[in-house]
Amino acid sequence: QVQLVESGGGSVQAGGSLRLSCAVSGGALYTMAWFRQAPGKEREFVAAINWNGGRTAYSDSVKGLFTISRDIAKNTVFLQMNTLRPEDTAAYYCAAGRRSPTADQDDYEYWGQGTQVTVSS
């Protein structure tokens, strides 16, 4: 059974940084992605990375600010978030799927429980 466990969320002031981690257990190397959901809004794509880290994809809203990476040996995926803004406040979810990096939530089979990121102005 595949399990995803996120960590690293917290509260930070605007302009600060956070690094989220997602530890994957019970499965092979999947395409991994981060999504987020702010209160009252739909869940949206943030970033994705393929199984060996050779391909990545980002939403326009975080391109150049966030970086997704993975440690294959530890089967862990990271999201480095720099220059955080209040609009980045959301619950961040890690997801795993078998397709190439995609922004479509339906392409991801496994999901973590989420970690909260709060950015104050």
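Refer to the structure printed above.
Anyway, here's the lowdown on the structure attached to this text. (Residues numbered from 1 in each chain as written. Predicted model: local features only at pLDDT ≥ 70, side-chain atom pairs only at ≥ 80, totals over all residues. Heavy atoms only, no water.)

The strand order E1-E3-E8-E7 describes an open sheet built from 4 strands, whose pairing is antiparallel. Both outer strands of the open sheet, strand E1 (3-7) and strand E7 (66-71), are each paired with one neighbouring strand and no more. Averaged over all pairs of adjacent strands, the angle between strand axes in this sheet comes to 15°, irrespective of strand direction. Where E7 lies against strand E8 (residues 76-81), 6 bridges are found, and the strand directions are antiparallel. Bridging across to E8, Phe66 finds its partner in Met81. (Pairing = 2+ DSSP bridges. Helix = DSSP H or I, 4+ residues; strand = E, 2+ residues; numbered from the N terminus. Axes fitted to C-alpha atoms, helices over the stretch in contact; angles between N-to-C directions.)

Across all of its chains, the model carries 6 salt bridges by this definition. Glu44 is the salt-bridge partner of Arg36, the closest N and O atoms lying 2.6 Å from each other. Residue classification places Arg36 among the buried positions, given a relative accessible area of 5%. One salt bridge connects Arg98 with Glu109, and the closest N-O pair in it is separated by 2.7 Å. Of this pair, Arg98 sits in the loop between strand E9 (90-97) and strand E10 (108-111) while Glu109 sits in strand E10; the two residues are 11 residues apart in sequence, bridging distant segments of the chain. Three or more residues are tied together by salt bridges with common partners; here these are Arg36, Glu44, Arg85 and Asp88. (Salt bridge = Lys/Arg side-chain N within 4 Å of Asp/Glu carboxyl O. Buried < 20%, exposed > 50% of the residue type's maximum accessible area, 1.4 Å probe, protein only.)

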